[in-house]
There are 2 protein chains.
Amino acid sequence: MLGLLLDFPKQCQAAKAIADNARILFENRKFDKIVFAGLGGSAIGGDLVKSYVFSECRIPISVIREYVLPAYVDASTLVFLASYSGNTEETLSAYRDAKEKGATLIAISSDGALKELANTDKVTFIEVPKGLPPRCALGNLSIIPLCVLAKLGLIKDVGPSINQTARILEELKERNLNPGIGEKDNIAKSVALRLFNKFAVIYSASVHFDVCATRFRGQIAENSKALGSSHLFPEMNHNEIVGWQNPKKLLKNLAVVMLRDDLMHPRVALRMDITRDIIKKEGVNIIEIWSRGDSLLSRIFSLIYIGDFVSYYLAILYAIDP
Amino acid sequence: MLGLLLDFPKQCQAAKAIADNARILFENRKFDKIVFAGLGGSAIGGDLVKSYVFSECRIPISVIREYVLPAYVDASTLVFLASYSGNTEETLSAYRDAKEKGATLIAISSDGALKELANTDKVTFIEVPKGLPPRCALGNLSIIPLCVLAKLGLIKDVGPSINQTARILEELKERNLNPGIGEKDNIAKSVALRLFNKFAVIYSASVHFDVCATRFRGQIAENSKALGSSHLFPEMNHNEIVGWQNPKKLLKNLAVVMLRDDLMHPRVALRMDITRDIIKKEGVNIIEIWSRGDSLLSRIFSLIYIGDFVSYYLAILYAIDP
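Our subject in this report is the structure included herewith. (Residues numbered from 1 in each chain as written. Chains lettered and ligands numbered in written order. Predicted model: local features only at pLDDT ≥ 70, side-chain atom pairs only at ≥ 80, totals over all residues. Heavy atoms only, no water.)

Thoughts on the relation of the copies chain B and chain A
Then comes step 1: Once chain B is rotated about the relating axis by 180 degrees and shifted along it by 0.0 Å, it coincides with chain A to within an RMSD of 0.0 Å. The symmetry that links the two subunits is that of a two-fold axis. Within chain B, Ser229 of chain B has its C-alpha nearest the rotation axis, a separation of 2.7 Å.
Then comes step 2: In this assembly, 100% of the residues forming the interface of chain B have copies in chain A that are likewise at the interface, indicating an isologous arrangement. (Least-squares fit on C-alpha atoms with pLDDT ≥ 70 in both. Contact = heavy atoms within 4.5 Å.)

A look at the interface of chain B and chain A
Often the size quoted for an interface is simply the accessible area lost on bringing the parts together.
Then comes step 1: Taken residue by residue, the interface counts 62 residues in chain B and 62 residues in chain A.
Then comes step 2: For the pair chain B and chain A, the summed buried area comes to about 5,200 Å², and 62% of that belongs to carbon and sulfur atoms.
Then comes step 3: For the pair chain B and chain A, the interface holds ten salt bridges.
Then comes step 4: Taken together, the connections running from chain B to chain A amount to 28 residue pairs in polar contact (both at pLDDT 80 or more).
Then comes step 5: Residue assignment for the side of chain B that touches chain A shows that the elements contributing at least two residues are α3 (89-100), α8 (210-222), β7 (228-233) and α9 (266-280) of chain B. (Buried area = accessible area lost by both parts, 1.4 Å probe. Salt bridge = Lys/Arg side-chain N within 4 Å of Asp/Glu carboxyl O. Polar contact = N/O pair within 3.5 Å; in protein donor to acceptor, adjacent residues only side chain to side chain. Helix = DSSP H or I, 4+ residues; strand = E, 2+ residues; numbered from the N terminus.)

A short note on the pattern of salt bridges
Then comes step 1: Counted by the stated rule, this structure contains 45 salt bridges over all chains.
Then comes step 2: Put simply, Asp97 of chain A and Lys101 of chain A hold a salt bridge, and the shortest N to O gap is 2.9 Å.
Then comes step 3: We note a salt bridge from Glu127 of chain B to Lys130 of chain B, for which the minimum N-O separation is 3.5 Å.
Then comes step 4: On the accessibility criterion, Glu127 of chain B (34% relative accessible area) is partly exposed.
Then comes step 5: Within this structure, Arg260, Asp273, Arg276, Asp277 and Glu288 of chain A form a network of salt bridges that share partners. (Buried < 20%, exposed > 50% of the residue type's maximum accessible area, 1.4 Å probe, protein only.)

Examining the sheet that holds strand β6 (residues 199-205) of chain B
Residue and element names in this part refer to chain B.
Then comes step 1: Pairing is parallel across the open sheet formed by four strands, whose spatial order is β7-β6-β8-β9. Strand pairing shows two members of the sheet lacking a second neighbour, β7 and β9 (285-290), which therefore form its edges. Across this sheet, the average inter-strand angle for adjacent strands is 20 degrees, counted without regard to direction.
Then comes step 2: Pairing between β6 and β7: six bridges, direction parallel. What sits directly across from Val201, in β7, is Ser229. (Pairing = 2+ DSSP bridges. Axes fitted to C-alpha atoms, helices over the stretch in contact; angles between N-to-C directions.)

Considerations on the environment of Asp121 of chain A
Residues and elements named next belong to chain A.
Then comes step 1: As for its placement among the helices and strands, Asp121 is situated in helix α4 (residues 112-121).
Then comes step 2: As a C-alpha pair, Asp121 and Leu105 span 16 residues in sequence and 10.0 Å in three-dimensional space.
Then comes step 3: Once you skip the residues sitting within four places of it in the chain, Asp121 turns out to touch Tyr95 and Lys99.
Then comes step 4: In this structure the side chain of Asp121 is engaged in a polar contact, spanning 3.2 Å, whose partner is the side chain of Lys99.

Observations regarding the sheet that holds strand β9 (residues 285-290) of chain A
All names here are of chain A.
Then comes step 1: The parallel open sheet is built from four strands, whose spatial order is β7-β6-β8-β9. Because the sheet does not close on itself, it has two edges, and the strands there are β7 (228-233) and β9. Direction aside, neighbouring strands of the sheet carry axes that sit 20 degrees apart on average.
Then comes step 2: Bridge analysis of strand β8 (residues 254-260) against β9 gives six bridges, and the strand direction is parallel. Each residue of the ladder has a partner; that of Ala255, found in β9, is Asn285.
Then comes step 3: Contacts between helix α10 (residues 296-317) and the sheet are confined to β8 and β9, with β9 contributing the most and set at about 135 degrees to the helix.

What follows is the structure in structure tokens.
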């Protein structure tokens, strides 16, 4: 796991090369809907794409983690089917559903039945390198579809952002995440220590950074074998904030992680500040993690990368092999 | 709160009458996207609509809880703007964004700035009865948009389902929820007792019943002033299930609520059975709640109605005025 984490910035750049070389087997089709079908580690790439394109893509995109697709999937829908293993039963079922509905399909996997189906059906297929746990393939499973959307002219070129992101992640790793860095300067080690033996409550913002909260919670479950919950601003201020009263005896066993970014909506930033102070009064440990870099892509990925390392160190604290 | 809960089945029927009498100020427009903008108690109606139409509506629908709308909102988008008070700052901001993007707007509120804006702009406006906390207006805020979609020909007539749902909820209330019913037959009282002093973890399925999990968690926060988390099947099996190992000393302070329905995908039902047994082995209290009625609408609403009563009784156990 550690080796894969350390290699992650390289994976992001390699993913761009895979996308550049991919053969898209359809041309000049017009789409008015994009659906990303997958589960777990193979779905989170879709979440990242959706978060990234919020303010840019003129076509709605949904991530569906299910056996069946919504009724609106039709001949003018582009459906990404991502299953790292190629054998996820829900995704294979969604593949059949998408095909039946006449959608244009792009299958992404390292192998398995999905690869076979795509080849038999002459469906666009993008093969990603084998041998990773699916959750470690996020670079491939997010950057490849982003590059495909750019190739199709649905979003701007992401190439420069990918290079910048890889550079920012390398720097972040060397300075603040690497096991060689002591607890004082190691963000991930210090956050993991504060989450140890606590139930993690992850908060972020619903525009662009919702994927970071989903990923953090998922990685804590998958790597650290620990439970957590997540919620988003500003919605959280309209319900969960008033829940911070009960069960009284449990509140001190929770720890809050706020995933923050300088460019969040100013009212969202203010809401996060106020909420932090309210929860602090209940004696709850609050950890704020800030994004890095200039591009939106590096800001999303830096929060994810820090969270991935946190889940790794937390696993070690729980004496678990991540 | 109790009076409002008891009146809820009537509100659902009254909502249908409000929708029947509503004047839609646009005709024969074609939409290819639907967006529901709102926050908290005014957004959950959009979640319900989205869950209900999953297998029926040929147009994608999103629920956006934010100051800004996604880039894909344009002149062929129908945007519902729901703010029960009419003064929710995010929704007013989303209104301006939707207008700027040239979308067709339907505003729903009981009063406030949203009503004024809609009247000034000659935007379709549907007024709902005043005087409720927003979370108690779910009948209005879900059934009215559903009826509007049916009027526009985007989904089938929901009238018969609404009548049947109101009947099912009345029966459920009389037999299993009413304060006059003792703990033995009162589902909501017995669930509340099992959730008391526990952190609630709510699970449901992502097709049709995701709204029930969101609502349950939100009502526990808003009515019972207590924290919980939620997750959905089958996705939960791809991450959270392995998290049920840590923090060890906290596991027994959690209680799981599974919101179930006989017509869920058979593989989802099987996954829920297996997961229940895995979690039980950790010594965790598991509560299963089953939906009622024949129609999809009554099945969704019955789970919500039981959860609403649970949050009410749980508030009383916490000595809080819901």
